[in-house]
Amino acid sequence: MGLPVEVGGPGPGADISAIKTAYSRHIGRKILLVGVLLGLTGATALVATAVGAAGISVADVWRVILSHLGVPVTLESDLAETVVWEIRLPRILLATITGMSLAGAGAVMQGVLRNPLVSPYTMGLSSGAAFGAALAIVLGTGLVGGNYLEVSRWLIVTNAFIFGGLTTLLAFSLARFKGMAPETLVLGGVAVGYLFQAGVSLLKYISNNDALKELVVWLMGGFWGADWQTVMLLTPVVLFCMAGLLLYAWDLNVLGAGEEVAASLGINVGRLRVYTLALATLAAAATVAFTGIIGFVCLVGPHICRMLVGSDNRFLIPCSCLMGAVLLLLADTLARTIIAPTEIPVGIITALMGSPFFIYLLIKKKRQWWG
């Protein structure tokens, strides 16, 4: 006697439909999270613009912004106009751009080198930028020449940018001898970074009191020099670099499965590393040149987002950018207000915020970040 046969039961088509539904729901949650972070970034920026020694309401901040966008509104006072548009808003936007570039670059570097401790700073970028700034501040010179007394700020910025990018270039050159292995890139960046740190120490030793004070303040990091010219210059650079990195998101996802898998699927791993690390370095070096050394955002931001959205770079990169912006906005607001009217360098605040959190992550993590 034969066994009963079920007629009209679920077939392969039903399984595929269920998988598509589950995938859509999974992706939808990640898109929603990125949207929430975008709204949180905007809200944090508005509140940060209102907070300060001169108390201004969020409504006044919004009115000032609308008035400059051509919307007819009535401003409560000229003080709000001056404080918001000329002083605070450029600083808030610079903090947002810097947080986006550092955290986005950190997420990509950690993924492409498969190392959770890699960042623009562990690759030596900060040491190179510091050496370039020290040359301008102490000696008044740089690779492109110039007189420090005449073009002090731009000479510092130019030097910091050039030497910051130079460290990554030197690390690449060292890695070529070992076939662009990730560990060689990281160790090369560390070695070059120590070399430039020695140069900074030497310049500190031979500098006079005024130059030493200015160099120490620059090394602590901050947004004192924020203005609309800086914001207009950095915004397209950072957005271009982040958009370029997003174009490689699928390739970075495949690389996460291993170099052999990526190569078998037709991805040129060496070229991918060069392109992505070059874009990440460009974004980080450009912002660091204007702000000085601001650490931990490039480490903490990506790790938080990796816990929230996983390692899918289509969502990890924008999520890290927004998280970095929020963290740096909060740090800068604390730096401006915690002992107002005295301002603490924001690099100190990010270190105080980032170090305990990062130690917590290291203690709580029970598995490897990557298989």
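Residues numbered from 1 in each chain as written. Predicted model: local features only at pLDDT ≥ 70, side-chain atom pairs only at ≥ 80, totals over all residues. Heavy atoms only, no water.

An unreviewed UniProt entry lists the chain under the name Iron ABC transporter permease, with Desulfofundulus salinus given as the organism. Among the UniProt annotations of the chain, the heading Sequence similarities (unreviewed entry) holds the following wording: "Belongs to the binding-protein-dependent transport system permease family. FecCD subfamily." (UniProt positions renumbered as here; feature names shortened; annotations may be inferred.)

**A word on the overall build of the chain**
A tally of regular secondary structure across the chain gives 14 helices and zero strands. When the helices and strands of the chain are read in sequence order from the N terminus, they spell out α-α-α-α-α-α-α-α-α-α-α-α-α-α. Considering only residue pairs separated by 6 or more positions, the chain has 73% of its internal contacts joining residues 24 or more positions apart. Here the chain has roughly 18100 Å² of accessible surface; of this, 68% comes from carbon and sulfur atoms. (Helix = DSSP H or I, 4+ residues; strand = E, 2+ residues; numbered from the N terminus. Contact = heavy atoms within 4.5 Å. Areas by Shrake-Rupley, 256 points an atom, 1.4 Å probe, with all protein chains shown as cover.)

**Notes on the pattern of salt bridges**
One pass over the full model with this rule turns up six salt bridges. A salt bridge links Arg314 to Asp312; the shortest N-O distance between them is 2.6 Å. The class of Arg314 is partly exposed, set by a relative accessible area of 23%. For Asp332, the salt bridge goes to Arg336, with nearest N and O atoms at 3.5 Å. Here the residue Asp332 and the residue Arg336 both occupy positions in helix α13 (residues 313-337), the gap between them amounting to four residues, near one helical turn. Neither Asp332 nor Arg336 differs from the other in exposure class; each is buried. (Salt bridge = Lys/Arg side-chain N within 4 Å of Asp/Glu carboxyl O. Buried < 20%, exposed > 50% of the residue type's maximum accessible area, 1.4 Å probe, protein only.)

**A short note on helix α5 (residues 152-175)**
Taking 1.5 Å as the rise per residue, α5 with 24 residues should run 34 Å; its terminal C-alpha atoms sit 35 Å apart, in good agreement. The inward-facing, buried residues of α5 contact α4 (125-139), α6 (182-206), α7 (209-220) and α11 (269-291). (Expected span 1.5 Å × (residues − 1).)

**Concerning the packing of helix α8 (residues 228-247) against α13**
Put simply, α8 and α13 touch, their axes get as near as 9 Å, and they point 160° apart. When the axes of α8 and α13 are compared, the pair comes out roughly antiparallel. Where α8 crosses over α13, the two elements pack in a sense that is right-handed. Each of Met242, Leu245 and Leu246 in α8 lies in contact with α13, whose residues at this interface are Asn313, Arg314, Ile317, Pro318 and Cys321. (Axes fitted to C-alpha atoms, helices over the stretch in contact; angles between N-to-C directions. Parallel < 35°, antiparallel > 145°, perpendicular 65-115°, else oblique. Left-handed = near helix turned anticlockwise from the far one by under 90°.)

**Remarks on the environment of Glu214**
With respect to the helices and strands, the residue Glu214 is situated in helix α7. C-alpha of Glu214 to C-alpha of Ile137: the two residues are 77 residues apart in sequence and 7.3 Å apart in space.

**Details of the packing of α5 against α11**
Look at α5 against α11: their axes get within 9 Å of each other, and the N-to-C directions meet at 155°. Considered as vectors, α5 and α11 are oriented roughly antiparallel to each other. Our pair here, α5 against α11, has a crossing hand that is right-handed. Here Arg153, Trp154, Val157, Ala160, Phe161, Gly164, Gly165, Thr168 and Phe172 of α5 come into contact with α11, specifically with Arg273, Val274, Leu277, Thr281, Leu282, Ala285, Ala286, Ala289 and Phe290. Class assignment for the residues of the contact of α5 with α11 results in 12 nonpolar, four polar and two charged. (Nonpolar A, V, L, I, M, F, W, Y, C, P; charged D, E, K, R; others polar.)

**A short note on the packing of aromatic side chains**
Here the structure, examined in full by the defined rule, presents six aromatic pairs. Between Trp154 and Phe290, the aromatic rings sit 5.8 Å apart at their centres with planes inclined by 85°, giving edge-to-face as the arrangement. Here Trp154 is found in helix α5, whereas its partner Phe290 is found in helix α11, with 136 residues between them in sequence. Residue Phe290 is classed as buried on the basis of its relative accessible area of 14%. Members of the aromatic cluster, joined through ring pairs, are Phe131, Phe163 and Phe196. (Phe/Tyr/Trp six-rings, centres within 6.5 Å; stacked < 30°, edge-to-face > 60°.)

**Notes on unusual backbone geometry**
Residues other than glycine seldom take positive phi values, yet Arg114 does so here, at roughly 50°. Within the secondary structure, Arg114 sits in the loop between α3 (78-112) and α4. In the Ramachandran plot, Phe296 falls in the positive-phi region, its phi being about 75° despite a non-glycine side chain. Structurally, the position occupied by Phe296 is in the loop between α11 and α12 (297-309).

**Section: a nonpolar patch on the surface**
Side chains of Leu330, Leu334, Ile338, Ile339 and Met353 sit close together on the surface and give an oily, nonpolar patch of about 420 Å² of accessible area. Relative to the helices and strands, Ile338 is located in the loop between α13 and α14 (346-364). (Patch = residues over 30% accessible without salt bridge, like charges linked within 9 Å, V, L, I, M, F, W, Y side chains within 5 Å.)

**Some thoughts on the nonpolar core**
With 82 residues, the main nonpolar core has Leu102, Leu113 and Trp218 as its most contacted residues. Sorting elements by how many residues they give to this core places α11 first, with 12 residues. Grouped together as the second largest cluster of nonpolar side chains are 14 residues, Val34, Leu37, Phe315 and Leu327 included. (Core = buried A, V, L, I, M, F, W, Y, C linked by side-chain atoms within 4.5 Å.)

**Details of the confidence of the model for the chain**
Reading fine detail from the predicted coordinates is not recommended where pLDDT is low. Averaged over every residue, the pLDDT of the chain is 83; residues scoring 70 or more account for 89%. Below pLDDT 50 for its whole length, residues 1-9 participates in zero contacts with residues either more than four positions away or in separate chains. Confidence drops under pLDDT 50 across residues 143-151; counting only partners more than four residues distant or on other chains, this segment forms 17 contacts. (pLDDT = per-residue confidence, 0-100.)

**Regarding the side chain of Ser119**
Looking at the element boundaries, Ser119 is found in the loop between α3 and α4. A residue is classified by how much of its surface remains accessible, and Ser119, at 2% relative accessible area, is buried. For Ser119, the residues in contact, after removing those within four places along its chain, are Met109, Cys298 and Leu299.

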